[in-house]
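Each chain, letter by letter, is given below.
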Amino acid sequence: MRAEDEAQIVACIPSLRRYARGLTGDRERADDLVQDTLERAWSRYSRWQRRGELRAWMFGIMHNQFIDGVRAQRRQAETRPDGELPEIPVRATQADALEVRDLDRCLLRLPPELRAVILLVGVEEFSYREAALALGVPVGTVMSRLSRARDRLGALLQARPATAPNLHRVK
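Residues numbered from 1 in each chain as written. Predicted model: local features only at pLDDT ≥ 70, side-chain atom pairs only at ≥ 80, totals over all residues. Heavy atoms only, no water.

Visitor: Outline the overall build of the protein chain, supporting the account with residue identities and numerical values.
Guide: Scanning the protein chain from terminus to terminus reveals nine helices and zero strands. Helices (α) and strands (β) of the protein chain occur, in sequence order from the N terminus, as α-α-α-α-α-α-α-α-α. Split into buried and exposed, the 171 residues of the protein chain put 36% on the buried side. In the protein chain, once contacts between residues fewer than 6 apart in sequence are set aside, the share between residues at least 24 apart is 63%. Total accessible area on the protein chain stands at roughly 11000 Å², and carbon and sulfur atoms take up 50% of it. (Helix = DSSP H or I, 4+ residues; strand = E, 2+ residues; numbered from the N terminus. Buried < 20%, exposed > 50% of the residue type's maximum accessible area, 1.4 Å probe, protein only. Contact = heavy atoms within 4.5 Å. Areas by Shrake-Rupley, 256 points an atom, 1.4 Å probe, with all protein chains shown as cover.)

Here it is in structure tokens:
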């Protein structure tokens, strides 16, 4: 690996940390997710072969790591005798403004696929194309998920139920 490539990977770390924090809602779990992502990226760097943008590739690795963790938690919850799902961790930072706390809680209530899109496009300023590459989905799916995520997030922030969009049958 060239020093230039290493520098590009290291330059992604602050963005990866923000994204991981938004996905997990917990500083320690976010740090673990970033560490796992960096380990996987370094060990699989030869597979990247400079196809596409390195930043999108790194975020794709993180997204897949996170989804694997969510699936593992669901499997564990299914084997629990009481059948209850584990609680989503809530940030314990009292110094944050109330609005940020509310936004964070509402983001954690979104399904992972919607949360990932809104964090990549809204926070990390990925283009739709970059987000699609990172998530491994078509651009249209990113746009659809982003629209649904914004609607649900707005509804959660205003404490109102999300309304279903008016769909019309097209023949």
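Visitor: Tell me about a negative patch on the surface, and name the residues and values.
Guide: On the surface, E28, D32, D36 and E39 cluster together into a patch of negative charge. Here D32 is to be found in helix 3 (residues 27-43). By relative accessible area, D32 is classed as partly exposed at 49%. (Patch = residues over 30% accessible without salt bridge, like charges linked within 9 Å, V, L, I, M, F, W, Y side chains within 5 Å. Salt bridge = Lys/Arg side-chain N within 4 Å of Asp/Glu carboxyl O. Lys, Arg positive; Asp, Glu negative; His and termini not counted. Charge placed at Lys NZ, Arg CZ, Asp CG, Glu CD.)

Visitor: With reference to specific residues and values, describe the environment of R44.
Guide: Mapped onto the elements of the fold, R44 is located in the loop between helix 3 and helix 4 (45-48). For R44, the side chain forms a polar contact with the side chain of S43, separated by 3.3 Å. (Polar contact = N/O pair within 3.5 Å; in protein donor to acceptor, adjacent residues only side chain to side chain.)

Visitor: Please give an account of unusual backbone geometry that cites residues and values.
Guide: Phi at E125 takes a positive value of approximately 60°, unusual for a residue other than glycine. Topologically, E125 is positioned in the loop between helix 7 (112-123) and helix 8 (128-135).

Visitor: Tell me about the pattern of salt bridges, and please be specific about residues and values.
Guide: A full pass over the atoms with the stated rule returns three salt bridges. Linking D31 and R17 is a salt bridge whose minimum nitrogen-to-oxygen distance equals 2.8 Å. One end of the pair, D31, is in helix 3; the other, R17, is in helix 2 (residues 13-24), with 14 residues separating them in the sequence. A salt bridge links R18 to E124; the shortest N-O distance between them is 3.2 Å. Here the residue R18 occupies a position in helix 2, and E124 occupies one in the loop between helix 7 and helix 8, the gap between them amounting to 106 residues. Judged by its relative accessible area of 4%, E124 is buried. Three or more residues are tied together by salt bridges with common partners; here these are R18, R55 and E124.

Visitor: Report on the nonpolar core, specifying residues and quantitative values.
Guide: Core analysis: the biggest nonpolar cluster contains 42 residues, and L16, Y19, M58, I118 and L120 have the highest contact counts within it. Among the secondary structure elements, those contributing two or more residues to this core are helix 2, helix 3, helix 4, helix 5 (54-79), helix 6 (98-109), helix 7, helix 8 and helix 9 (139-157). Counting residues per element, this core draws most heavily on helix 5, at nine residues. In this view, I118 contacts L107, L110, V123, L146, A149, R150 and L153; residues no more than four positions away in its chain are not counted. (Core = buried A, V, L, I, M, F, W, Y, C linked by side-chain atoms within 4.5 Å.)

Visitor: Break down the packing of aromatic side chains for me, with residues and values.
Guide: Applying the stated criterion across every chain, the model contains two aromatic pairs. Relative to F126, the ring of F59 lies with its centre 4.7 Å away and its plane at 65°, an arrangement referred to as edge-to-face. Pair noted here: F59 is in helix 5 and F126 is in the loop between helix 7 and helix 8, with a separation of 67 residues, a long-range link. The class of F59 is buried, set by a relative accessible area of 1%. Ring-pair connections join several aromatic residues into one group, and the members of that group are Y19, F59 and F126. (Phe/Tyr/Trp six-rings, centres within 6.5 Å; stacked < 30°, edge-to-face > 60°.)

Visitor: Break down helix 2 for me, citing the residues and quoting the values.
Guide: Over its twelve residues, helix 2 extends 16 Å from the first C-alpha to the last, a length consistent with the 16 Å expected when each residue adds 1.5 Å. Along helix 2, the positions that sit buried rather than exposed are S15, L16, Y19, A20, R21, G22, L23 and T24. One or two steps after helix 2, the chain reaches G25, where phi turns positive at roughly 75°. (Expected span 1.5 Å × (residues − 1).)

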